[in-house]
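Residue strings, one per chain:
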Amino acid sequence: MRKAKDIFKQYDDLYTKNEHFKDAIDTLFGASVAATGQALFTDMSPEEIAAATAMGIGGAYLVRPIGKRVGKFAGNKLEQLTPDGFGNRFNAPASLIPGTPGSPEVYKGVPVLGQRARAGYEQNFKRPDGSDKTLVEGLPYMLGREYSDAAAQGLIGLATPMMFGKSVDEKKAEEIAKLEQALAELQGDVASVITQ
């Protein structure tokens, strides 16, 4: 039991402090959600689902740095426009978003969300010198870094069934062929009954 606690503590520390590890875990979670949805709700083959999953992971890793830079740029510009960061006016509603300054306290008792909130806060709202960013500066950075990849992965997950799946005409043609085969078998059965 102690060994399991030590392993979980190491994982928790790594997830909280290492943004690359956190990004990898979040991306794999998103990929598993997309693959499960494709397996349950589409007619994609396992090979197509694997290809779509790989494209989703690749898309997430390509979009994340762009979202991070755009979010950082937007946050810095907003911070220059509002040096006081709007004070504390938006901290309470924003604390419901995991990763914002108030969210570690809000989600403290919820195991997964509490860990995600703490990790997001440590990685997105702390400057290298240890000081806190304002909500105006940190929120665009966090949204760009943490959610741009999820949006890309979701779009790829939704688009790939249309790319790999059969068209409506192909499905109709298959159904017509099955019905024609069933009709031919039925006609053969009827003909054999009549000739007897």
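Source: prediction; values computed, not measured.

Asker: Go over the packing of aromatic side chains with me, naming the residues and quoting the values.
Answerer: Two measures describe an aromatic ring pair: the distance that separates the ring centres and the angle between the ring planes. The full count for this structure, using the stated rule, is three aromatic pairs. Here Arg64 stacks its cationic end above the ring of Tyr61, 4.9 Å away from the centre of that ring. The side chain of Lys133 reaches across the aromatic face of Tyr141, ending 4.1 Å from its centre.

Asker: Run through the pattern of salt bridges, naming residues and quoting values.
Answerer: Pairing between side chains of opposite charge can happen when their charged atoms approach one another. Using the criterion set out here, one finds 13 salt bridges in the structure. The partner of Arg118 in a salt bridge is Asp12, and the shortest N-O contact between them spans 2.7 Å. Linking Arg118 in helix H6 (residues 111-124) with Asp12 in helix H1 (residues 2-17), this pair joins segments that are 106 residues apart in sequence. Here Arg118 falls in the partly exposed class, since its relative accessible area comes to 32%. Of the residues examined, Asp12 reaches a relative accessible area of 12% and is grouped as buried. Of the charged contacts, one joins Lys126 and Asp132 as a salt bridge, the two residues approaching to 3.1 Å between their closest N and O atoms. Residue classification places Lys126 among the partly exposed residues on the basis of a relative accessible area of 27%. For Asp132, a relative accessible area of 41% puts it in the partly exposed group. Salt bridges sharing partners connect three or more residues here, namely Glu19, Lys22, Asp23, Asp26, Arg64, Lys68, Arg116, Arg145, Glu146 and Asp149.

Asker: Account for empty space enclosed by the protein, with residues named and values stated.
Answerer: What the rule picks out here adds up to one cavity of 30 Å³ or more. Size it by volume and the largest cavity reaches roughly 50 Å³. If you go around the largest cavity, the residues you meet are Ala31, Ala34, Gln38, Ala52, Thr53, Gly56, Ile57, Gln153, Ile156 and Gly157. Those elements that provide at least two residues to the lining of the largest cavity are helix H2 (19-41), helix H3 (46-81) and helix H7 (135-164). Broken down by element, the residue count for the lining of the largest cavity peaks at four residues, all from H3.

Asker: Please set out the packing of H6 against H7 residue by residue, giving values where relevant.
Answerer: Two measures define how a pair of helices packs: the angle their axes make with one another and the distance between the axes. As a packed pair, H6 and H7 sit with axes 10 Å apart at the nearest point and diverge in direction by 115 degrees. Considering the relative orientation of H6 and H7, their crossing is right-handed. Counted together, Arg116, Gly120, Gln123 and Asn124 of H6 and Gly138, Tyr141, Met142, Arg145, Glu146 and Tyr147 of H7 form the full contact between these two elements.

Conventions used here
- Residues numbered from 1 in each chain as written.
- Predicted model: local features only at pLDDT ≥ 70, side-chain atom pairs only at ≥ 80, totals over all residues.
- Heavy atoms only, no water.
- Phe/Tyr/Trp six-rings, centres within 6.5 Å; stacked < 30°, edge-to-face > 60°.
- Lys NZ or Arg CZ within 6 Å of the ring centre and 35° of its normal.
- Salt bridge = Lys/Arg side-chain N within 4 Å of Asp/Glu carboxyl O.
- Helix = DSSP H or I, 4+ residues; strand = E, 2+ residues; numbered from the N terminus.
- Buried < 20%, exposed > 50% of the residue type's maximum accessible area, 1.4 Å probe, protein only.
- 1 Å grid on protein atoms, 1.4 Å probe; cavity = no way out; pocket = protein on both sides within 12 Å on 5 of 7 lines; lining within 4 Å.
- Points joined across faces, edges and corners; volume = space filled by probe spheres on them.
- Axes fitted to C-alpha atoms, helices over the stretch in contact; angles between N-to-C directions.
- Left-handed = near helix turned anticlockwise from the far one by under 90°.
- Contact = heavy atoms within 4.5 Å.

This is a description of form; function is not addressed.
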